[in-house]
Amino acid sequence: MATSSGTAAFKAADLTLFLPCAGGVEGYLADEVHGLTGLTGHDLLVERGGVRVRGDWAAVMRLNLHSRLAQRVLIELAHGPYRDEHDLYALAADVPWEQWFQARQTFRVDLTAQASPLKSLNFATLRVKDAVADRFRNAAGGVRPSIDTQHPQVRIHAHLSATHASVSIDTSGEPLFKRGWRQDKGDAPLKETLAAAMLAASGWWEPAARRVSELPLYDPCCGSGTIAIEAAQLVLGLPAGGARRFAFEQLRPFDARTWMAIKAEAREGVRRPGAVQVFGSDVAHRMVDFAQRNAERAGVGHAVQLRGGDALQRVPPTPQPGVMLMNPPYGERIAAAGVAGQKARGREAFQHGPLSRSADQRRPGEDAAERDTGDDFFAQLAAHWKTHYAGWTAWLLTPDLKLPSRLRLKETRRVPMWNGPIECRLFRFDLTARREKSDSNPPPAP
């Protein structure tokens, strides 16, 4: 029924890896994996929700350390058809878990499903957990590992389609968007993996070539600095996971000597900073302080320039036109957008008005007032860009499909992208100078 790795899992290049990612990012992730490993063809397949890779333990460690787009690196240990929970148990029980971790270690099981006919995914998860524990009890003289749902040493993933199931071991541990440097953040921080996807989609970062543009990059609504810090790390050649630990260090096949060599190789690839080419600003000086502290922890404090300032007032940070990349304020975030919102509603309205209340607390007509505020902000933002940012390219990530009309600009590209469960678009705008209106009644010639 099932195919499992057994002792073959430890052969040099006999691992099947699956790297999940956000929707819309699969192609960019495949480019990144190719750039990091050189894999092509049947060894690198793009699937819905991720990329499937044939590689070795060195690839596992290198992808964990360097990937900016993958959510995790999973090693698939079993795959086969199923009809009920008994089939899931048999599939998981056939995996030699004792070769992967020890009975004294804690573990947890996470299960995802797409079009599965099973009525209870909780029960399915329980059967996979029982299979792992029973396998240890039979193989290790009655000793079985303990469950820890909060801080497990080992994570096991099961995925169910309509007809087939797969069981994998997680080599990452904490999701890879947790780089290890972000300790200061706002209310709704952008995930680092999504920021990296924006950099790739804009073309400023080319994952396959492992190359970044020479154009300056600027985020005028930088928040806690995610986009700017990701960009600055790419400029310096710093690995995405250089400030964190990984779950594969807890697994029995872990090769410490190879891991040390991969980290040494990464250190040798770090570049000296030249002139600063990554910039960020935010209307909230508190957020700029957060971003600066995050940048220092990420090792890029000297390679990024962060300033306070309203997006509607700041002029370009460099005379050379470049790329603006931003996740603009919308909904409640308009409250922090700056002078446009304050002029439209008044500071008191922002602190105590409808933008600070949930939808069911709002009075009739308040949603329309919020939309008017947003339209005012974006119209002023576009006017500011036309006056000061001619020649720049602006990329904006938003769930608002009507954003171009709010900006009164025509997009030249739109890239579908998912921010967690939220479907978004990354819009591109090629900015040109404002056209001066001609005088329809010129004075008579002398």
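The shown structure was predicted, so the numbers you read here are calculated from the model rather than taken from an experiment.

What counts and how
Going along each chain's sequence as written, the residues are numbered from 1 onward. Where totals are concerned, whole chains, interfaces and linings use all residues; where local detail is concerned, this predicted model gives features only for residues with pLDDT of at least 70, and gives and counts side-chain atom pairs only at 80 or more. Each side-chain value is derived from all of the structure's non-hydrogen atoms; neither hydrogens nor water enter the calculation. To define axes, lines are fitted to C-alpha atoms, for helices over the stretch in contact only, and angles between the resulting N-to-C directions are given on a 0 to 180 degree scale. By the criteria applied, helices consist of DSSP H or I runs no shorter than four residues and strands consist of E runs no shorter than two, each listed in order from the N terminus. Left-handed describes a crossing whose near helix is turned anticlockwise from the far helix by less than a right angle; the clockwise case is right-handed. Throughout, a contact is declared for two residues whenever any of their heavy atoms are within 4.5 Å. Amino acid classes used here: Ala, Val, Leu, Ile, Met, Phe, Trp, Tyr, Cys and Pro are nonpolar; Asp, Glu, Lys and Arg are charged; the rest, including Gly, are polar. Any two of the Phe, Tyr and Trp rings considered here, Trp counted by its six-membered ring, make a pair once their centres fall within 6.5 Å; the pair's planes then place it as stacked at under 30 degrees, edge-to-face at over 60, or tilted in between. Partly exposed describes any residue whose relative accessible area lies between the buried limit of under 20% and the exposed limit of over 50%, with all areas from a 1.4 Å probe on protein chains only and scaled to the type maximum. By this definition, two strands are paired if DSSP reports at least two bridges between them. By salt bridge we mean one thing: a side-chain nitrogen of Lys or Arg within 4 Å of a carboxyl oxygen of Asp or Glu. Within this scheme, the nonpolar core is defined by two criteria: the residues are buried Ala, Val, Leu, Ile, Met, Phe, Trp, Tyr or Cys, and they are joined through side-chain atoms within 4.5 Å. Any angle that falls under 35 degrees is termed roughly parallel, while one over 145 is termed roughly antiparallel, one within 65 to 115 roughly perpendicular, and all others oblique. Here a polar contact is recorded for every N or O atom pair within 3.5 Å, except that within protein the pair must consist of a potential hydrogen donor and a potential acceptor, and residues adjacent in sequence are included only if both atoms are side-chain atoms. Within this scheme a cavity is a closed region of a 1 Å grid, computed over the protein atoms alone, that accommodates a 1.4 Å probe without allowing it to escape, whereas a pocket is open but has protein on both sides within 12 Å along at least five of seven lines; lining residues each have an atom within 4 Å of a point. Grid points are joined across faces, edges and corners, and a volume is the space filled by probe spheres set on the points.

**Observations concerning the packing of helix α3 (residues 85–93) against helix α4 (residues 121–139)**
- Contact geometry of α3 with α4 gives a least axis separation of 8 Å together with a crossing angle of 35 degrees. Where α3 crosses over α4, the two elements pack in a sense that is right-handed. For the pair α3 and α4, the contacting residues are Glu85, Leu88, Tyr89, Ala92 and Ala93 in the first and Phe123, Ala124, Arg127, Val128, Asp130, Ala131, Asp134 and Arg135 in the second.
- Residues that form the contact of α3 with α4 fall into these classes: 8 nonpolar, no polar and 5 charged.

**As for the packing of aromatic side chains**
- Tallied over the full model, the rule gives 12 aromatic pairs.
- Arranged with centres 6.2 Å apart and planes meeting at 35 degrees, the rings of Phe427 and Phe429 form a pair that is tilted.
- With relative accessibility at 0%, the residue Phe427 sits in the buried group.
- Ring pairs connect the aromatic residues Trp97, Phe101, Phe107 and Phe136, which therefore count as one cluster.

**Topic: the sheet that holds strand β17 (residues 422–430)**
- On the basis of which strands lie adjacent, the open sheet formed by 7 strands has the order β13-β12-β11-β14-β15-β17-β16 and mixed pairing. Each of the sheet's edge strands pairs with one partner strand only, and the pair in question is β13 (304–308) and β16 (413–419). Looking at each pair of strands side by side, their axes are set apart by 20 degrees on average, direction ignored.
- Sheet topology places β16 next to β17; 7 bridges connect them, and they run antiparallel. Note on β17: the bridge partner recorded for Val415 is Leu426.
- The sheet contacts of helix α5 (residues 192–202) involve β11 (217–219), β14 (323–326), β15 (393–398), β16 and β17, and relative to β16 the element is tilted by about 165 degrees.

**Topic: the pattern of salt bridges**
- Counting across every chain of the model gives 24 salt bridges.
- Between Arg72 and Asp170 there is a salt bridge, with its nearest N and O atoms 2.7 Å apart. Taken as a pair, Arg72 in the loop between α2 (57–66) and β5 (74–81) and Asp170 in strand β8 (residues 164–170) lie far apart in primary sequence, 98 residues in all. Side by side, Arg72 and Asp170 carry an identical accessibility label, which is buried.
- Arg83 is the salt-bridge partner of Asp87, the closest N and O atoms lying 3.6 Å from each other.
- According to the relative accessible area criterion, Asp87 is buried, its value standing at 12%.
- On the accessibility criterion, Arg83 (68% relative accessible area) is exposed.
- Among the charged side chains, a salt-bridge network with shared partners connects Glu47, Arg52 and Glu76.

**Remarks on the nonpolar core**
- With 98 residues, the main nonpolar core has Trp97, Phe101, Val300 and Met417 as its most contacted residues.
- Counting residues in each nonpolar core, the second largest holds 22 residues, with Met324, Phe378, Leu403 and Leu407 among its members.

**Describing the packing of helix α1 (residues 26–37) against α2**
- Contact geometry of α1 with α2 gives a least axis separation of 10 Å together with a crossing angle of 120 degrees. Judged on the interaxial angle alone, α2 and α1 are oblique. Crossing angle aside, the handedness with which α1 passes α2 is right-handed. Each of Glu32, Val33, Leu36 and Thr37 in α1 lies in contact with α2, whose residues at this interface are Arg62, Leu63 and His66.
- Its residues assigned to classes, the contact of α1 with α2 shows 3 nonpolar, 2 polar and 2 charged.

**Quick notes on the side chain of Glu411**
- Locating Glu411 in the fold gives a position in the loop between α12 (403–407) and β16.
- When its relative accessible area of 14% is taken as the criterion, Glu411 is described as buried.
- Polar side-chain contacts of Glu411 include one of 2.8 Å to the side chain of Arg414.
- In this structure Glu411 touches Pro404, Phe427, Arg428 and Phe429, once residues within four positions along its chain are discounted.

**Topic: the layout of surface pockets**
- What the largest pocket holds in volume is close to 1200 Å³.
- Taken together, 43 residues form the lining of the largest pocket, with Phe18, Pro20, Gly49, Thr112 and His159 sitting closest to its centre.
- Secondary-structure elements contributing two or more residues to the lining of the largest pocket are β2 (15–20), β5, β6 (107–113), β7 (154–160), β8, α5 and β16.
- Counting residues per element, the lining of the largest pocket draws most heavily on β7, at 5 residues.

**What about empty space enclosed by the protein?**
- Within this structure, the stated rule accounts for 1 cavity of 30 Å³ or more.
- Space inside the largest cavity adds up to approximately 40 Å³.
- Taken together, Tyr218, Phe279, Gly280, Gln305, Arg307, Arg314, Val315 and Pro317 make up the lining of the largest cavity.
- At the level of elements, β12 (278–282) and β13 are the ones that each hand at least two residues to the lining of the largest cavity.
- Residues belonging to the lining of the largest cavity are distributed by class as follows: 4 nonpolar, 2 polar and 2 charged.

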